[in-house]
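An overview of the molecular structure
Chain by chain, the residues:
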Amino acid sequence: MSKKAIIFDLDGVIVDTAKYHFLAWKELAESLGFDFTEEQNELLKGVSRVRSLEILLDIGNVELSQAEKNKYLNEKNEQYLSYIAEMDTREILPGIPELLAFLKAERIPFALGSASKNARLILENLKLLEDFNAIVDGNDVSTAKPDPEVFLIAAEKLGKNPEDCIVIEDAFAGVQAANSAGMTSVAIGDPEVLIGADFNLKSTKELTIDLARQLIK
Ligand code: BG6
Ligand code: MG
């Protein structure tokens, strides 16, 4: 059995929820009177909900009281939850079902390392909750990505050394977190954004069994 393990980010790696986060933040920005582009959205990927709002407000040059921020955080999440309520297994990203099946067959442990506080709900909708050997999400950490905490806790739960863990991420903050944890980082998305990753892939379609074999060797 390989001594390696895989740690998956959730949003944008297992499932295409990144678009729903973007839509919900964009609606909030527009209600506050400014535009929010997909390019700016890259800054929010992998980042906690609270930090995302701070970045968004900086972009729009808007200052709010704590009470107003709390109200908007709730509203954004309600909007996001309304999008993901309808989600099912069809929204699992290409290549992921085959990869998870391979890891299970080869008995390679895998964990979730996500910033989202909605991670368990999403995995349940996707019928993947029971498949993960460990789940670490936004409710389990005190420091958000790019801090390595989420991945280090995941490695500990799997009983693996950080250097034996491979992290799959779609966010720059997540690649930084994986690198600071001393893990191998596999980035999915634009290589010009996802700088510093050990491997750059354009989409989850490139997460093939051949690549998995190479990574866990
Ligand atoms: C990350 C997403 O996975 O989770 C971010 O990439 C998001 O965009 C963060 O802000 C927190 O998610 P949630 O579901 O707790 O609002
Ligand atoms: Mg992500």
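Residues numbered from 1 in each chain as written. Chains lettered and ligands numbered in written order. Predicted model: local features only at pLDDT ≥ 70, side-chain atom pairs only at ≥ 80, totals over all residues. Heavy atoms only, no water.

1. Re the packing of helix α3 (residues 49–60) against helix α4 (residues 66–84)
- Taken N-terminus to C-terminus, the directions of α3 and α4 make an angle of 110 degrees; their axes are 11 Å apart at the nearest point. In terms of axis orientation, α3 runs roughly perpendicular to α4. Viewed along their axes, α3 and α4 form a crossing whose handedness is right-handed. Residues Arg49, Val50, Leu53 and Leu57 of α3 touch α4, and the partners they reach there are Lys69, Leu73 and Asn77.
- Its residues assigned to classes, the contact of α3 with α4 shows four nonpolar, one polar and two charged. (Axes fitted to C-alpha atoms, helices over the stretch in contact; angles between N-to-C directions. Helix = DSSP H or I, 4+ residues; strand = E, 2+ residues; numbered from the N terminus. Parallel < 35°, antiparallel > 145°, perpendicular 65-115°, else oblique. Left-handed = near helix turned anticlockwise from the far one by under 90°. Contact = heavy atoms within 4.5 Å. Nonpolar A, V, L, I, M, F, W, Y, C, P; charged D, E, K, R; others polar.)

2. With respect to the site of ligand 1
- Taken together, 14 residues are adjacent to ligand 1, and Asp11, Gly46, Ser116, Lys117 and Asn118 come closest.
- Within the backbone of Lys117, a nitrogen or oxygen atom sits 2.6 Å from an oxygen atom of ligand 1.
- Asn118 places a polar side-chain atom, nitrogen or oxygen, 2.7 Å from an oxygen atom of ligand 1.
- Contact with the protein chains removes 97% of the 390 Å² of surface that ligand 1 exposes when unbound.
- For the shell around ligand 1, the per-class residue count stands at four nonpolar, six polar and four charged.
- Counting residues domain by domain, the shell around ligand 1 receives three or more from each of domain 1 (5–16 + 90–216) and domain 2 (18–84). (Near = heavy atom within 4 Å. Polar contact = N/O pair within 3.5 Å; in protein donor to acceptor, adjacent residues only side chain to side chain. Areas by Shrake-Rupley, 256 points an atom, 1.4 Å probe, with all protein chains shown as cover. Domains from an automatic or database assignment.)

3. Some words on unusual backbone geometry
- With an omega of 15 degrees, the peptide bond between Lys145 and Pro146 qualifies as cis.
- Of note, Pro146 is situated in the loop between β3 (134–136) and α7 (149–158).
- The phi dihedral of Asn61 is positive, around 55 degrees, even though this residue is not glycine.
- Given the relative accessible area of 73%, Asn61 is considered exposed. (Buried < 20%, exposed > 50% of the residue type's maximum accessible area, 1.4 Å probe, protein only.)

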